[in-house]
Amino acid sequence: MFCLGLNHKTSPVAVRERFSVPKRCLEQKNAQLAALPSVQECVLLSTCNRTELYYWTAAPQQAQAEIMSCFGGAPASEAGSACFYLYSQEAALRHLARVAAGMDSMLVGETEIFGQIKDAYRAAHAAGATAAGANRTFQKIFTIAKKVRTNTKITSGPTSIGAAAVQLASEAFGGLAGSNVLVVGAGDMARSTARSLISRGAESIFVANRSYDRAVELAERVGGRVIRFAEWIPYLEQIDIVIVSTASPVYVVSPRVLQSVQAARASRPLFLIDLSVPRNVDPACAALDGVFVHDMDTLQTMADASQHGRHSELMRAQEIIDAWLDDAAEDLLHRKMPPFSQKNNTSE
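Since the structure is predicted, the reported quantities are computational estimates derived from the model, not experimental observations. (Residues numbered from 1 in each chain as written. Predicted model: local features only at pLDDT ≥ 70, side-chain atom pairs only at ≥ 80, totals over all residues. Heavy atoms only, no water.)

Participant: Explain the nonpolar core to me, and be specific about the residues and the numbers.
Facilitator: Of all hydrophobic cores here, the largest spans 64 residues; its most connected members are L33, Y55, I67, L93, I117, F138 and W324. Of the residues forming this core, the biggest block, 10 residues, is contributed by helix α13 (residues 311–334). Not counting residues within four places of it along the chain, the set of residues in contact with W324 comprises L93, A97, K140, I141, I144, A329 and L332. In this structure, V13, L176, V183 and L299 belong to the second largest nonpolar core, which totals 33 residues. (Core = buried A, V, L, I, M, F, W, Y, C linked by side-chain atoms within 4.5 Å. Buried < 20%, exposed > 50% of the residue type's maximum accessible area, 1.4 Å probe, protein only. Helix = DSSP H or I, 4+ residues; strand = E, 2+ residues; numbered from the N terminus. Contact = heavy atoms within 4.5 Å.)

Written out as structure tokens, the structure is:
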């Protein structure tokens with residue numbers, strides 16, 4: 001068992017976005033990776049903060065080269081290549097357990113990653129990319145992750161990226177009361193953020209999304225108003241905080257768009273929080289007067305402070321995982337696996 005990946009600790013968002021795989025493409029990408037000659041099984045996890053491939057192979061060096069080629073090759077620079085990490089056997093299993101338990105997240109204890117790993121596993125299974133090794137491993141991982149959350153307090157306090165983004169906006173404006181907030185997107189991250197907005201006292205929330213029906217659904221949940229996606233730019237003249245979280249592979253906010261908007265805003269500050277990977281807000285927007293841009297890298301500073309407060313809970317969580325590894329690692333990592341050709345017939 002191996003894990004090859006990069007995350008918010010090892011690489012900036014400018015590198016992570018290059019290797020990010022949208023949720024809708026996970027099944028196809030898993031099938032592509034599983035078809036590599038050296039890869040027996042695999043599960044691809046791709047979130048705003050990490051892209052990791054968990055895979056099983058008898059030819060590690062060949063597999064690593066083939067996997068990197070499948071992603072377009074490693075970064076040309078030495079610094080870019082250093083963004084990746086490779087874990088094998090027990091280290092890979094320990095890393096996966098830590099990720100599933102929220103211990104390796106930007107915000108320690110975040111709960112969204114557990115669902116994202118389940119989605120990743122389902123996509124790999126649907127693609128025929130899993131067999132006995134991955135199936136047994138991920139079922140055990142789900143169990144130990146639940147045990148860590150139940151027996152520790154690492155989930156106390158803000159535990160989602162959306163909550164951190166809202167806290168950042170609230171601190172910038174001295175509270176959200178009276179502020180007009182626009183949420184662009186209606187996916188899981190946008191929904192989490194919208195819930196945090198309500199809990200922080202936001203009263204005027206607008207929602208824009210390419211799928212109008214999903215925008216309506218989210219707006220109804222938070223008591224907000226819907227803006228059609230093609231029409232949300234002009235609304236920026238009355239918006240104070242924009243939280244962008246879409247699956248667009250290109251920028252949806254650019255300096256050219258904001259220049260005319262800012263002229264009509266009479267120099268009122270515009271606060272943009274980009275939770276998308278790849279980024280949806282052009283970083284160059286920050287050069288405009290009165291425009292403040294924050295992305296996932298900005299939230300890393302807040303996350304570091306959060307982690308210090310949970311140090312004792314992290315130690316307890318690690319003890320639980322270490323005890324589990326002592327019992328389970330031998331069986332999971334050294335159990336004889338069937339040939340790869342049999343994986344679609346393996347329901348274990």
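This is not the end of the story, as more comes after the structure.
Participant: Quick rundown of the pattern of salt bridges? Include the residues and the values.
Facilitator: What the rule picks out here adds up to 15 salt bridges. In this structure, D297 and R16 form a salt bridge, with 3.6 Å as the shortest nitrogen-oxygen distance. Taken together, the positions of D297 in helix α12 (residues 296–308) and R16 in helix α1 (residues 13–19) put the pair 281 residues apart, joining distant regions of the chain. Overall, D297 belongs to the partly exposed group, its relative accessible area being 31%. In this structure, D322 and R94 form a salt bridge, with 3.6 Å as the shortest nitrogen-oxygen distance. Taken together, the residues D322 in helix α13 and R94 in helix α5 (residues 90–100) connect sequence positions 228 residues apart. Residue classification places D322 among the partly exposed positions, given a relative accessible area of 29%. A single salt-bridge network, built from bridges that share partners, covers K9, R50, E52 and D104. (Salt bridge = Lys/Arg side-chain N within 4 Å of Asp/Glu carboxyl O.)

Participant: How would you sum up the sheet that holds strand β1 (residues 2–7)? Please name residues and give values.
Facilitator: Spatial ordering of the open sheet is given by β2-β3-β1-β4, a layout of four strands whose pairing is antiparallel. Edge strands, defined here as strands with exactly one partner in the open sheet, are β2 (41–46) and β4 (85–88). Across this sheet, the average inter-strand angle for adjacent strands is 15 degrees, counted without regard to direction. Strand direction decides the pairing type here: β2 and strand β3 (residues 50–56), joined by six bridges, are antiparallel. Bridging from a neighbouring strand, L44 pairs with L53 of β3. Strands β2 and β3 of the sheet are contacted by helix α2 (residues 26–34), whose axis makes an angle of about 145 degrees with β2. Its contacts with the sheet place α5 against β1, β2, β3 and β4, and it is angled at close to 140 degrees to β3. (Pairing = 2+ DSSP bridges. Axes fitted to C-alpha atoms, helices over the stretch in contact; angles between N-to-C directions.)

Participant: Go over the sheet that holds strand β5 (residues 180–184), please, and point to the residues and values.
Facilitator: Reading across from one edge, β7-β6-β5-β8-β9-β10 is the order of the six strands in this open sheet, with parallel pairing throughout. Two strands in the sheet have a free side with no partner beyond their single neighbour: β7 (225–228) and β10 (291–294). Ignoring which end each strand starts from, the neighbouring axes of this sheet average 20 degrees apart. Two elements, β5 and strand β6 (residues 204–209), share five bridges in a ladder whose sense is parallel. By the bridge assignment for β6, V184 is matched with A208.

Participant: I'd like to hear about the environment of T51, residue by residue, with values.
Facilitator: Tracing the sequence through the fold places T51 in strand β3. Judged by relative accessible area, T51 falls into the buried class, the value being 7%. Apart from the residues within four sequence positions on either side, T51 is in contact with L4, G5, L6, F19, S20, L44, L45, S46 and F71. At 3.3 Å, the side chain of T51 forms a polar contact with the backbone oxygen of F19. (Polar contact = N/O pair within 3.5 Å; in protein donor to acceptor, adjacent residues only side chain to side chain.)

Participant: How would you sum up the pairing of β5? Please name residues and give values.
Facilitator: With five of five residues buried, β5 is to be regarded as a mostly interior element. A two-sided burial pattern is seen for β5, the buried positions comprising N180, L182 and V184 on one face and V181 and V183 on the other. With respect to chirality, the unit in which β5 leads through helix α9 (residues 188–199) into the neighbouring parallel β6 is right-handed. (Right-handed = clockwise from strand over helix to strand, strands pointing away.)

Participant: Account for the packing of aromatic side chains, with residues named and values stated.
Facilitator: Scanning the entire structure with this criterion turns up 12 aromatic pairs. Ring centres of Y85 and Y87 lie 5.3 Å apart, and the angle between their planes is 35 degrees; this geometry places the pair in the tilted category. The class of Y87 is partly exposed, set by a relative accessible area of 29%. Measuring from ring centre to ring centre gives 5.5 Å for Y121 and F138, while their planes differ by 15 degrees; the resulting arrangement is stacked. You can see Y121 sitting in helix α6 (residues 112–126) and its partner F138 sitting in helix α7 (residues 132–151), a full 17 residues away along the chain. Each member of the pair, Y121 together with F138, is buried. In textbook terms, an aromatic cluster arises when at least three aromatic residues are bridged by ring pairs, as seen for Y54, F114, Y121, F138 and F142. The side chain of K29 reaches across the aromatic face of F71, ending 4.7 Å from its centre. The ring of Y212 carries R228 above its face, with NZ or CZ at 3.9 Å from the centroid. (Phe/Tyr/Trp six-rings, centres within 6.5 Å; stacked < 30°, edge-to-face > 60°. Lys NZ or Arg CZ within 6 Å of the ring centre and 35° of its normal.)

These values are about where atoms sit, not about what they do.
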